[in-house]
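So you can see what is in the structure, the chains are spelled out below.
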Amino acid sequence: MDAADWWSIEVMDAEHAGISAASWRAAYEQALSESLVTNGAVGWQWFEHSWGVVLEVSFTREESWRQWRALPGTGAALDAVPDPVAGLLVHRGHGGASGAYVPRTPRVPPAADQVLLPEPT
């Protein structure tokens, strides 16, 4: 058996949309799950974040992923996300795991600026 590849579908909330990403999930979760089962998905998981939802799906063959992605029901579900232009990411690999943005704390400055320089003469 080949190793499974994961693909992610990230759906972001949109301020101008009438529905949230969580509402989109509630509306399409059943249909997407059934199509995943009938089209050979090895597994899938839903994740909810403060900014939206992520559906991670796994197939053993890339061709199976492409066939599932080309299904009319899958296309219709992805067309119905709250913001299909800027609020939908479909990519290979796990998604949405980078967490919240946390700024880096300043590091200790290099000690070279503390070297005693000779006095000008």
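The rules behind the values
Every chain is numbered on its own, with residues counted from 1 as its sequence reads. Given that this is a predicted model, residues contribute local features only at a pLDDT of at least 70 and side-chain atom pairs are listed and counted only at 80 or more, while totals for whole chains, interfaces and linings are drawn from all residues. Heavy atoms from the whole structure form the basis of all side-chain values; hydrogens and water molecules are not counted. Numbered from the N terminus, helices here are DSSP runs of H or I no shorter than four residues, and strands are runs of E no shorter than two. Each accessible area is a Shrake-Rupley result for a 1.4 Å probe, and residues are judged covered by the shown protein chains and nothing else. Here, strands pair whenever DSSP counts at least two bridges between them. A fitted line through C-alpha atoms serves as each axis, taken over the contacting stretch for helices, and the angle formed by two N-to-C directions is quoted from 0 to 180°. Residues enter a nonpolar core if they are buried and are Ala, Val, Leu, Ile, Met, Phe, Trp, Tyr or Cys, with the set joined through side-chain atoms within 4.5 Å. Accessible area is worked out with a 1.4 Å probe on protein chains only. A residue is then buried under 20% of its type maximum, exposed over 50%, and partly exposed in between. The rule for a salt bridge is simple: a side-chain nitrogen of Lys or Arg has to be within 4 Å of a carboxyl oxygen of Asp or Glu. It is the directions from the helix axis to the C-beta atoms that the arc portrays. The contact rule is simple, with two residues in contact once any of their heavy atoms fall within 4.5 Å. For Phe, Tyr and Trp, where Trp contributes only its six-membered ring, two rings pair if their centres lie within 6.5 Å, and the inter-plane angle classes them as stacked under 30 degrees, edge-to-face over 60, or tilted in between.

A. A look at the overall build of the protein. Scanning the protein from N- to C-terminus turns up three helices and four strands. Each helix (α) and strand (β) of the protein, taken in turn from the N terminus, gives the series β-α-β-β-α-α-β. Carbon and sulfur atoms make up 55% of the accessible area of the protein, which amounts to about 8,300 Å² in all.

B. Quick look at the sheet that holds strand 4 (residues 88-92). Sheet architecture is open: four strands sit in the order 2-3-1-4, paired in antiparallel fashion. Bordering the open sheet on either side are strand 2 (43-49) and strand 4, each of which pairs with just one other strand. On average, adjacent strands in this sheet sit at an angle of 15° to one another, irrespective of strand direction. Alignment of strand 1 (residues 5-12) against strand 4, held across five bridges, turns out to be antiparallel.

C. Representation of the nonpolar core. W24 and F59 are the most contacted members of the largest nonpolar core, which has 18 residues in total. Residue assignment for this core shows that the elements contributing at least two residues are strand 1, helix 1 (21-38), strand 3 (52-59), helix 2 (62-69) and helix 3 (72-79).

D. Looking closely at the pattern of salt bridges. Counted under the stated rule, the structure contains five salt bridges. In this structure, D5 and R92 form a salt bridge, with 3.3 Å as the shortest nitrogen-oxygen distance. Here D5 is found in strand 1, whereas its partner R92 is found in strand 4, with 87 residues between them in sequence. Given a relative accessible area of 30%, D5 falls into the partly exposed group. Its relative accessible area of 46% is what places R92 among the partly exposed residues. The partner of R92 in a salt bridge is E62, with the nearest N and O atoms 3.3 Å apart.

E. Representation of the pairing of strand 1 within the structure. Counting buried positions along strand 1 yields six of eight residues, so the element is predominantly enclosed. Sheet topology note: the strand 1/strand 3 ladder contains eight bridges and is antiparallel. Bridge pairing in strand 3 places V11 opposite V53.

F. Local environment of helix 2. Every buried residue of helix 2 is listed here: S64, W65 and W68. End-on, the buried residues of helix 2 take up no more than an arc of 100°, which puts them together on one face. Residues of helix 2 that are buried make contact with strand 1, helix 1, strand 3, helix 3 and strand 4.

G. Here's a closer look at the packing of aromatic side chains. Summed over the entire model, instances satisfying the criterion amount to six aromatic pairs. Aromatic side chains F59 and W68 sit 6.3 Å apart centroid to centroid with 40° between the ring planes, which places their arrangement in the tilted category. In this pair, the class of F59 matches that of W68, namely buried. Every member of this aromatic cluster is reached through a ring pair, and the members are W7, F59, W65 and W68.

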